[in-house]
Amino acid sequence: MTELVTYRLDDGVATITLDDGKANVMSENMLGAIAAALDRAEADRAVVLLTGRARVFSAGYDLATFSRSADDIRRTLRAGGNLVHRLLGFPYPVVAACPGHAIAQGAFTLLATDVRFGVAGDFKLGLNEVAIGLTIPHYGVELARHRLTAPGFDRAANTGILVAPEEARELGFLDVLSTDADDLRTRATAEAHRLTGIDSAAHTGTKLRVRAQVLAAVRSGIDAEFGG
């Protein structure tokens, strides 16, 4: 595992922690490290607990990416789309413990998990692409449409607003809001361990049925926009 991501297995729960020392930007290296950690969790047949460093889950793509060649941009965005698609269809439950900011691709990664815990505080969550001159990728549109409330999806996607955790829960970015970092860790870990007790085959089969349309739409969007 690279230094960008750490992996710890404990009683059937694989904790995958993103930590680049800064904003956990979704660089090509970070995306590759997450993919490798998910490979390991799948081989371990583990429930995943996905989290970040103190005060940040992920601030999204490294903006330096968009000053590189068209091929570099497509390759990185395709990797981000592939991560979202994989999380949506991951064969074991994925719990997110969001310790702070989750923006753009960071928010898409959060939305692709099964249960999303956040924490109260001076944090921002949302899809700010239009505010910084970017068009949301097709895979992000389909994912946000699936996971956010209908009014929340329209507002978040089209205005680029970033909201506090309380409002983020109302819009659909989060399921559960914790009071502080310790409470977040305790509650998300407890939920991950609870999920080790469900039937994994039934979970996988049901997840693929429930998400069949969004999985197909996300994959179609990735292939059409960035190549297969």
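A few points on the structure. Given the structure is predicted, the values throughout are model-derived calculations rather than measurements.

### Section: the pairing of strand E7 (residues 115–119)
Regular strands place side chains that alternate from one sheet face to the opposite one.
Here's step 1: Most of E7 sits inside the fold, with 5 of its 5 residues counted as buried.
Here's step 2: Where burial is concerned, the two faces of E7 agree: the one with Val115, Phe117 and Val119 and the one with Arg116 and Gly118 are both buried.
Here's step 3: Here 3 bridges tie strand E5 (residues 94–97) to E7, and the two strands are oriented parallel to one another. From the neighbouring strand, Ala96 faces E7, where its bridge partner is Arg116.
Here's step 4: Pairing of E7 with strand E10 (residues 176–178) involves 3 bridges; the strand directions are parallel. Each bridged residue has a counterpart across the sheet, and for Gly118 the counterpart in E10 is Leu177.

### Some thoughts on the environment of Val141
Here's step 1: Note on placement: Val141 falls in helix H4 (residues 138–147).
Here's step 2: Contact partners of Val141, with chain neighbours within four places excluded, come to Ile136 and Phe153.

### Observations regarding the packing of H4 against helix H9 (residues 212–226)
Here's step 1: As a packed pair, H4 and H9 sit with axes 7 Å apart at the nearest point and diverge in direction by 165°. When the axes of H4 and H9 are compared, the pair comes out roughly antiparallel. Seen from above, H4 lies across H9 with right-handed handedness. Contacts between H4 and H9 involve His138, Tyr139, Glu142, Leu143 and His146 on the former and, on the latter, Val214, Ala217, Val218, Gly221, Ile222, Glu225 and Phe226.
Here's step 2: Of the residues that constitute the contact of H4 with H9, the class distribution is 7 nonpolar, 3 polar and 2 charged.

### Quick look at the sheet that holds strand E6 (residues 100–103)
Here's step 1: Pairing is mixed in the open sheet, where 4 strands are placed in the order E4-E6-E8-E9. Of all strands in the sheet, those with a lone pairing partner are strand E4 (55–58) and strand E9 (162–163), marking the two edges.
Here's step 2: Where E6 meets strand E8 (residues 125–126), 2 bridges bridge the pair, whose relative direction is parallel. If you follow Ile103 over to E8, its bridge partner there is Gly126.

### Some thoughts on the pattern of salt bridges
Here's step 1: If you walk through the whole model with that rule in mind, you get 15 salt bridges.
Here's step 2: For Arg185, the salt bridge goes to Asp182, with nearest N and O atoms at 2.4 Å. Taken together, the residues Arg185 and Asp182, both in helix H7 (residues 181–195) and 3 residues apart, mark about one turn of the helix.
Here's step 3: For Glu191, the salt bridge identified is with Arg194, shortest N-O distance 2.9 Å. One end of the pair, Glu191, and the other, Arg194, are both in helix H7, 3 residues apart, so they sit about a helical turn from each other.
Here's step 4: Each member of the salt-bridge network shares a partner with another, and the members are Glu28, Asp72 and Arg75.

Cut-offs and rules
All residue numbers here refer to positions counted from 1 along the written sequence of the relevant chain. Local features in this predicted model are restricted to residues of pLDDT 70 or higher, and side-chain atom pairs are both shown and tallied only at a pLDDT of 80 or more, whereas totals for entire chains, interfaces and linings draw on every residue. Only hydrogens and water are set aside when side-chain values are computed; all heavy atoms of the structure are taken into account. We call a residue buried when its accessible area falls under 20% of the maximum for its residue type, exposed when it is over 50%, and partly exposed in between, using a 1.4 Å probe and counting protein chains only. For helices the rule is a DSSP run of H or I covering at least 4 residues; for strands it is a run of E covering at least 2, with both sets numbered from the N terminus onward. Two strands are said to pair when DSSP picks up at least two bridges between them. By definition in these notes, contact holds between two residues if any of their heavy atoms fall within 4.5 Å. Where helices are involved, their axes are fitted lines through C-alpha atoms of the stretch in contact, as for all axes, and angles between N-to-C directions lie from 0 to 180°. Here roughly perpendicular refers to angles of 65 to 115 degrees, roughly parallel to angles under 35, roughly antiparallel to angles over 145, and oblique to all remaining angles. Here a crossing is called left-handed whenever its near helix is offset anticlockwise from the far helix by less than a right angle, and right-handed whenever the offset is clockwise. Residues are grouped as follows: Ala, Val, Leu, Ile, Met, Phe, Trp, Tyr, Cys and Pro are nonpolar; Asp, Glu, Lys and Arg are charged; all remaining types, including Gly, are polar. Any carboxyl oxygen of Asp or Glu within 4 Å of a side-chain nitrogen of Lys or Arg constitutes a salt bridge here.

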